[in-house]
Amino acid sequence: MSDQATDTFARSLRGKLIRPTDSDYEDARALYNGMIDKRPRLIARCVNVADVIAAVAFAREEGMLLAIRGGGHNGPGLGSVDDGLVIDLSLMKSVRVDPRTQTVRVDPGCTSGDVDHATHAFGLAVPFGIVSTTGVAGLTLGGGTGYLTRQHGLTIDNLLEVDVVLADGRFVTASETEHPDLFWALRGGGGNFGVVTSFKFQAHPVKMVFAGPIFWEATDAPSVMRTYRDFLPNAPEELGMFIGLKTVPPMDPFPREHWGKRACAVIGAYNGSAAEGEKVLAPLLKEVPPPAFNWMSTIPFPAMNGLFDPFFPKGLQWYWKGDYVKSLPDEAIETHIAQAANAPSNLSLMHLYPIDGAVHRVAKDATAWNARDATFSMVIAGIDSDPNQADALKRWGRGYWNAVHPFNLGGAYVNFMMDDEADGRLQASYGDNFGRLALVKAQYDPTNLFRVNQNIEPALA
Ligand SMILES: Cc1cc2nc3c(=O)[nH]c(=O)nc-3n(C[C@H](O)[C@H](O)[C@H](O)COP(=O)(O)OP(=O)(O)OC[C@H]3O[C@@H](n4cnc5c(N)ncnc54)[C@H](O)[C@@H]3O)c2cc1C
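My aim in this report is to walk through the structure given alongside it, one point at a time. These numbers come from a predicted model, not from an experiment.

Comments concerning the environment of E287
Okay, so step 1: Position of E287 among the secondary structure elements: in helix α9 (residues 274–287).
Okay, so step 2: Placed 125 residues apart in sequence, E287 and V162 show a C-alpha to C-alpha distance of 45 Å.
Okay, so step 3: Excluding residues that lie within four positions of it along the chain, E287 makes contacts with S223 and T227.
Okay, so step 4: In this structure the side chain of E287 is engaged in a polar contact, spanning 3.2 Å, whose partner is the side chain of K286.

Put into structure tokens, the structure is as follows:
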């Protein structure tokens, strides 16, 4: 790659091309996960579709590794690449709500908080995740689970249309009627098929929710986990509530007597009034010991989505392991509790996100995301601010996962994987859809230009 070619590329952009010698390079290359330290050769901060087309063409013609960065939250840092070109979409942040159709157009650099902020003004929301700083792009293309999933499905179940720059430079719109095969693959297949430059979502009426965390002491965890498991399938779908094994943060406003203690928590949002929400939760609460604290209250939906933000600033060390879970027998619960007790830090956690309700009403082959018959998506995350803890986080995450995996399904949510999964994990995660994904990949990206991702190789001709 000559300096001249790079200069010509830089001049072709409305956005900025950042090089290792630039003063903003260190900041621009930093990822959400502080455990990942990648040094791209170039970072193209795109501001429009023309910039993206130019960047894809440059990478293709120069034979460079190419990464696509939306929110930069990906666990193994797949929004960046060593010695390659990063298409950084973080400046493309427009959101346009159409209140008549209750649809939302979202640029690829938006975080879920950006979209929540825009839709909340209209009393609407799109189902995204549980941390507002997460990028919409990567979350959506992997599937997307959050508080509204039981009621309205995965994020991809609310995706109506996308604009995409393909590997050969073409710009296409994909939907159920245009390039339906590409649209099918993008709903779960990640960044394998092109650079998405615009998302159109169906939003839903959501404004104030009865929401928050309820914490119990670790000794109550067996009872709470068993009761939650049995309660959830009969709970109304307006209740989106996950369960976790965590540590009470040693800070205000948490009750001082619980600081730093292991705990079991349910965290959720009921999309309705407090009076209804209390009634809905009553069968759960009457079966379990009194909680250490119950902070369910009526709050704006974006506040709920931002609840975790202060605990998880950019730059912490993260090690992720996931699995889809079909059932949670008592023996699995015991194993979870024993493993969680050895967490190497206060922030480390295990969460089980419900996969039921509206998600189960979509056919397994309707989108690339295949785990429609799972009951939970599990994540184990070793998290700490100290880089010296990285090995301990990995050791704990792997050990915990090894202990519980025999109870779980073969695959996992691709957005809860690092880059150290065993062979066959991706196939297991996509199940019967894997073969079709490889065929669509062969059609739209036959040379595997987009391979910095949970990679699906093109099917052989
Ligand atoms: C604190 C935290 C909380 C989370 N909570 C949830 C949750 O509640 N629910 C959930 O489902 N997930 C959750 N996740 C996982 C999240 O979905 C993934 O980390 C996801 O990859 C983040 O997307 P991003 O755009 O921020 O990532 P990036 O690192 O920017 O991108 C990740 C990958 O997505 C692809 N990509 C990004 N933008 C584009 C684009 N425009 N076109 C094509 N491909 C693209 C690329 O392949 C890239 O490698 C969470 C992650 C974190 C760190």
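A word on helix α4 (residues 112–120)
Okay, so step 1: Along α4, the positions that sit buried rather than exposed are S112, V115, D116, A118, T119 and H120.
Okay, so step 2: On its buried side, α4 packs onto β5 (95–98), β6 (103–106), β7 (124–125), α5 (136–142), β16 (297–300) and α10 (301–305).

A few points about unusual backbone geometry
Okay, so step 1: Of note, the bond from D252 into P253 is cis; its omega dihedral lies within 30 degrees of zero at 5°.
Okay, so step 2: In this fold, P253 is placed in the loop between β13 (239–247) and β14 (262–270).
Okay, so step 3: You will see that Q102, though not glycine, has its phi angle at about 55°, which is positive.
Okay, so step 4: The topology assignment puts Q102 in the loop between β5 and β6.
Okay, so step 5: Classification of Q102 as partly exposed rests on a relative accessible area of 28%.
Okay, so step 6: One non-glycine residue with positive phi stands out, namely H179, at about 45°.
Okay, so step 7: Relative to the elements of secondary structure, H179 occurs in the loop between β9 (171–175) and α7 (180–186).

Some details on the packing of aromatic side chains
The geometry of an aromatic ring pair comes down to the distance between the two centres and the angle between the two planes.
Okay, so step 1: In this structure the tally under the stated criterion is 22 aromatic pairs.
Okay, so step 2: Taking 6.2 Å as the distance between ring centres and 25° as the angle between the ring planes, the aromatic pair formed by Y147 and F242 counts as stacked. Highlighted residues: Y147 in the loop between α5 and α6 (149–152) and F242 in strand β13, separated in sequence by 95 residues. Accessibility classification places Y147 together with F242 in one group, the buried group.
Okay, so step 3: Ring geometry for F215 versus F293: centroids 4.8 Å apart, planes at 15°, classification stacked. With F215 in strand β12 (residues 208–217) and F293 in strand β15 (residues 293–294), the pair connects residues that are 78 residues apart, well separated along the chain.
Okay, so step 4: Joined through ring pairs, the aromatic side chains of Y32, Y147, F242, F308, F312, W318, W320, Y353, Y413 and F416 make up one cluster.

Some points on the site of the ligand
Okay, so step 1: Near the ligand you find 34 residues, and of these G70, G72, L78, T145 and Y413 are the closest.
Okay, so step 2: One of the backbone N or O atoms of G138 is found 3.0 Å from an oxygen atom in the ligand.
Okay, so step 3: A total of 950 Å² of accessible area belongs to the ligand in isolation, and the protein chains cover 98% of it.
Okay, so step 4: Of the residues that constitute the shell around the ligand, the class distribution is 17 nonpolar, 16 polar and one charged.

A short note on the sheet that holds strand β10 (residues 195–202)
Okay, so step 1: With respect to topology, five strands assemble into an open sheet ordered β5-β6-β10-β8-β9, the strand pairing being antiparallel. Whereas interior strands pair on both sides, the edge strands pair on one side only; in this sheet they are β5 and β9. Each neighbouring strand pair of the sheet contributes to a mean axis angle of 15°, computed without reference to strand direction.
Okay, so step 2: Looking at chain direction, β6 and β10 are connected through four bridges and run antiparallel. From the neighbouring strand, V104 faces β10, where its bridge partner is F201.

Reading the values: the criteria
Residues numbered from 1 in each chain as written. Predicted model: local features only at pLDDT ≥ 70, side-chain atom pairs only at ≥ 80, totals over all residues. Heavy atoms only, no water. Helix = DSSP H or I, 4+ residues; strand = E, 2+ residues; numbered from the N terminus. Contact = heavy atoms within 4.5 Å. Polar contact = N/O pair within 3.5 Å; in protein donor to acceptor, adjacent residues only side chain to side chain. Buried < 20%, exposed > 50% of the residue type's maximum accessible area, 1.4 Å probe, protein only. Phe/Tyr/Trp six-rings, centres within 6.5 Å; stacked < 30°, edge-to-face > 60°. Near = heavy atom within 4 Å. Areas by Shrake-Rupley, 256 points an atom, 1.4 Å probe, with all protein chains shown as cover. Nonpolar A, V, L, I, M, F, W, Y, C, P; charged D, E, K, R; others polar. Pairing = 2+ DSSP bridges. Axes fitted to C-alpha atoms, helices over the stretch in contact; angles between N-to-C directions.

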